[in-house]
Structures are given as structure tokens and as C-alpha cells.
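Chain residues, written in single-letter form:
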Amino acid sequence: MTNSLLAVIMELEILLLTVVSLLSHANGAKYELSVADEDIFSSCNSPDPGTLDINGLMDLSELSTSMSAEGVTISGNATLIWDINLEDRVQMNTNLLYFDRGTWTPTAFSMVSKDFCKSMYDKNQYYYKYWTGYITNDIQDKCINVPGTKIIHKTFTLSLTANVMGPLREGTYKAQLMLRAYDATGIERPTRICLEIRGDLFKV
Ligand SMILES: *[C@@H]1O[C@H](CO)[C@@H](O)[C@H](O)[C@H]1NC(C)=O
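Structure report, in brief. (Residues numbered from 1 in each chain as written. Predicted model: local features only at pLDDT ≥ 70, side-chain atom pairs only at ≥ 80, totals over all residues. Heavy atoms only, no water.)

## What to know about unusual backbone geometry
Then step 1. A positive phi is found at Ser46, a non-glycine position, where the angle reads about 30°.
Then step 2. Following the sequence through the fold, Ser46 ends up in the loop between β2 (41-43) and β3 (51-52).
Then step 3. Ser46 gets classed as exposed once you look at its relative accessible area, which sits at 71%.
Then step 4. In this structure, Arg101 is a non-glycine residue whose phi angle is positive, near 45°.
Then step 5. Tracing the sequence through the fold places Arg101 in the loop between β7 (89-100) and β8 (103-113). (Helix = DSSP H or I, 4+ residues; strand = E, 2+ residues; numbered from the N terminus. Buried < 20%, exposed > 50% of the residue type's maximum accessible area, 1.4 Å probe, protein only.)

See below:
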């Protein structure tokens, strides 16, 4: 599993929080997201040519994850392998979908980070709170743009429990993340990364 995974998980939690606040009402309820797969990240269904999954972004062989009642504990390192350039702008789009009677249905929640590298250590970002804040070697000068870069983490536990301010439909969700890289002239690089995290949401 990756730090990027972490980011995704965190992102999902934030997504849920956001969704909840969108739906918002007064009974503070506690929800827990149970991730469907210990590997956390799935590939996207029928992606366009040039679309890679988590294994196209990072080598996770030095990263380990384990799930417990407290959440997912993540430790170790990840090594970047995505073949893009240092100067590229990386855009991240996130969408939350709900599994409704056999069909993945979009929810109101979607988010765009136009320039991930500029804000990767911004303390107000969910990915700082859940991922980049746990990176012990400062990689901002390389971001996720330089293959071979090692991302070293301190061990941390990601709790997938969220307090939300209102009713959220229980059931199966997935967050879909798409990373795209653009060169200085705005041309997209030939490969992009698509990841999904699936889980079941329960009211605790
Ligand atoms: C992570 O990288 C550091 C520094 O290279 C190394 O000391 C450590 O053993 C690595 N951890 C794992 C789990 O490979």
C-alpha cells in the first residue's frame, strides 16, 4: 500500500465528511467506513488507453498496511515510478460514487485540485492531514513527479471513522481519483493514473 493510498483514504474520509455536511442536519452521527479490500486501491473499470493504476504511480513493495478496529496502520516507504517531468503540473480529480441497485451512481461530491504539488504540504488540505503530514523526508521539490524518489513515512494509523452532521445513506461507496500531468504548454502526458477505493459505510 502507498502513501498515495493514504492520501486516497484520507481523501475518502474527507469526501464523506463533505458529503455529510452537504446533506447536513442536526443529529451528529458517527459513521465508519469499512474498506472492502486490504490492498485499499482498486483499478478503475474500463479505463481509456494510457490509464495506469496504483502500480503505475508507485512501487509499494516497501510499504505495509494492516487493518484493525482502530483503522488502517501504514508504515514504510513508497518509491515513485510515474514517468512524468519535474516541471509538470499535476491535477487531481476526485469523485464519490454510491452503489445503488447494481449501478455506480454519482453523488454531489466531486473535487478538483488543479496543482497538487503547490499545496501538498498545506496544512489545510485533507491530504496533509492524512498523508503528506506523515512524510519524514521533505519531497516538495520533487513532489510525485520524479521517478525513483523514495517517500519515507512515519508509521501512522488512519481512522476511517467520521463524525458527521447529518444523515448519510449507508451502503457501498467508492472514491475515484484521477491524476493527470500537463507539460509547460498544457499538453497532457501520455499516461494518467486512476485509482478507486471502495468501502461500506455504516452508522456506528
Ligand atoms: C525506508 O527507507 C529508509 C531510508 O532509506 C530505510 O532505512 C528503511 O529501512 C525503509 N523501510 C522499509 C520498510 O523498507
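Next, the rest of the story.
## A word on the packing of aromatic side chains
Then step 1. Scanning all chains against the criterion turns up four aromatic pairs.
Then step 2. Pairing Phe99 with Trp104 gives two aromatic rings, centres 4.8 Å apart and planes at 55°, and the pair type is tilted.
Then step 3. In this structure Phe99 comes out as partly exposed when scored by relative accessible area, which is 35%.
Then step 4. What makes Trp104 partly exposed here is its relative accessible area of 23%. (Phe/Tyr/Trp six-rings, centres within 6.5 Å; stacked < 30°, edge-to-face > 60°.)

## Regarding the nonpolar core
Then step 1. Formed by 38 residues in total, the largest nonpolar core has its most connected members in Leu57, Met58, Trp82, Val90, Phe116, Ile144 and Leu179.
Then step 2. Secondary-structure elements contributing two or more residues to this core are α2 (54-57), β6 (71-80), β7, α3 (116-119), β12 (171-182) and β13 (192-203).
Then step 3. Setting aside residues no more than four positions away along its own chain, Val90 makes contact with Trp82, Ile84, Ser113, Lys114, Asp115, Phe116, Cys117, Ile144, Asn145, Leu179, Arg180 and Ala181. (Core = buried A, V, L, I, M, F, W, Y, C linked by side-chain atoms within 4.5 Å. Contact = heavy atoms within 4.5 Å.)

## Remarks on the state of the cysteines
Then step 1. Evaluation of the coordinates by the stated rule reveals two disulfides.
Then step 2. Residue Cys44 pairs covalently with Cys194 via a disulfide, S to S 2.0 Å. Since a negative S-S torsion denotes a left-handed disulfide, the Cys44-Cys194 link at about -85° is left-handed. Here Cys44, found in the loop between β2 and β3, pairs with Cys194, found in strand β13; they are 150 residues apart in sequence, far enough to count as distant. For the pair formed by Cys44 and Cys194, the shared burial category is buried.
Then step 3. There is a disulfide in this structure between Cys117 and Cys143, and the S-S distance comes to 2.1 Å. Measuring handedness by torsion sign, the sulfur bridge of Cys117 and Cys143 sits at about -85° and is left-handed. (Disulfide = S-S within 2.5 Å.)

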